[in-house]
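# Coordinate inspection notes
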Amino acid sequence: MNEKSIMMDEAAIRRALTRIAHEIIERNKGVEDCVIIGIKTRGIYLAERLAKRIEQIENVKLPFGELDITLYRDDLTHRSSDAVVHGAKLPEITGKKVILVDDVLFTGRTVRAALDALVDQGRSKMIQLAVLVDRGHRELPIRPDYVGKNLPTSRSEIIAVQLQEVDGTDKVSLMQKEE
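Residues numbered from 1 in each chain as written. Predicted model: local features only at pLDDT ≥ 70, side-chain atom pairs only at ≥ 80, totals over all residues. Heavy atoms only, no water.

Note the threshold: UniProt positions are given in the numbering used here, feature names are shortened, and annotations may be inferred rather than shown by experiment.
Going by what an unreviewed UniProt entry lists, the chain is known as Bifunctional protein PyrR and is assigned to Brevibacillus laterosporus LMG 15441. The Subunit (unreviewed entry) field of the UniProt record for the chain holds the comment "Homodimer and homohexamer; in equilibrium." UniProt's Sequence similarities (unreviewed entry) comment on the chain is quoted here verbatim: "Belongs to the purine/pyrimidine phosphoribosyltransferase family. PyrR subfamily."

Written out as structure tokens, the structure is:
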């Protein structure tokens, strides 16, 4: 793959997360009864950053969780009966407003799998979706509540999110698939 351009640098990611944090607080009239849950892998780190920003703004520490949706994906060829969900560390979600966080929203299938996993954990009051990048091309009727940046793409392009915690740098790149 070839990098076509850098769509967001470290400062742009920081500003987008700060804006999303303010939008979450405003839409929920504070953060009472809210929990924040990141979808493995990069969604976890974005959720942690959002939780820290919200804590700085509201002086309230949000319950935080990590969600591994591997066993809920609809593209698995088979499921093992002894499979274990790794990295599913969730706070109590029953009766809570869940802010689900992921890096890129594309077809909607990852979010659908995350919703299935959350429903198995309890009945939340509501689930809101925050994504750093919405690139379009939905295959399911899923729409984010909070978006860092809308980046319309072609099917031959890929959005690559790199985060300091995983990749050693913060940036969002537009990549071109090689023919």
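There's more to say after this.
### A look at the side chain of Glu-157
Here is the rule we go by: The numbering of helices and of strands both runs from the N terminus, where a helix is a DSSP run of H or I of at least 4 residues and a strand a run of E of at least 2. Whenever a nitrogen or oxygen atom comes within 3.5 Å of another N or O atom, the pair is scored as a polar contact, on the condition that within protein one atom can donate a hydrogen and the other can accept it, and that pairs from neighbouring residues in sequence are kept only if both atoms are in side chains.
By secondary structure assignment, the location of Glu-157 is in strand E7 (residues 157-162). In terms of polar contacts, Glu-157 uses its side chain to reach the side chain of Lys-4, at 2.5 Å.

### Quick word on the packing of helix H1 (residues 10-27) against helix H2 (residues 42-58)
Note the cut-off: Axes here refer to lines fitted to C-alpha atoms; in helices the fit is confined to the stretch in contact. Angles between the N-to-C directions go from 0 to 180 degrees. Throughout this description, any angle smaller than 35 degrees is read as roughly parallel, any larger than 145 degrees as roughly antiparallel, any in the 65 to 115 degree range as roughly perpendicular, and the remainder as oblique. It is the rotation of the near helix from the far one that decides the hand of a crossing: anticlockwise by less than a right angle makes it left-handed, clockwise makes it right-handed. Should any heavy atoms of two residues lie within 4.5 Å, those residues are considered in contact.
Following both chains from N to C, one finds H1 and H2 inclined at 60°, their axes separated by 9 Å at the closest point. Relative to H2, the element H1 lies oblique. Considering only the axes of H1 and H2, their crossing is right-handed. When H1 is examined against H2, the residues Ile-13, Arg-14, Leu-17, Thr-18, Ile-20, Ala-21, His-22, Ile-24 and Ile-25 are found in contact with a partner set consisting of Leu-46, Arg-49, Leu-50, Arg-53, Ile-54, Ile-57 and Glu-58.

### A word on the pattern of salt bridges
Applicable threshold: Think of a salt bridge as a Lys or Arg side-chain nitrogen and an Asp or Glu carboxyl oxygen that are within 4 Å of each other. Buried residues are those whose accessible area, probed at 1.4 Å on protein chains only, stays under 20% of the maximum for their type, while exposed residues exceed 50% and partly exposed ones sit between those limits.
Taken as a whole and judged by the stated rule, the model has 14 salt bridges. For Asp-170, the salt bridge identified is with Arg-49, shortest N-O distance 2.9 Å. A residue pair is termed long-range when its members are at least 10 positions apart, and Asp-170 in the loop between helix H4 (164-167) and strand E8 (171-176) and Arg-49 in helix H2 qualify at 121 residues. We note that Asp-170, like Arg-49, is buried. With its nearest N and O atoms 2.3 Å apart, the salt bridge here joins Asp-116 to Arg-112. Here Asp-116 and its partner Arg-112 are both found in helix H3 (residues 109-121), four residues apart, which amounts to about one turn of the helix. Accessibility expressed as a relative area gives 33% for Asp-116, which makes it partly exposed.

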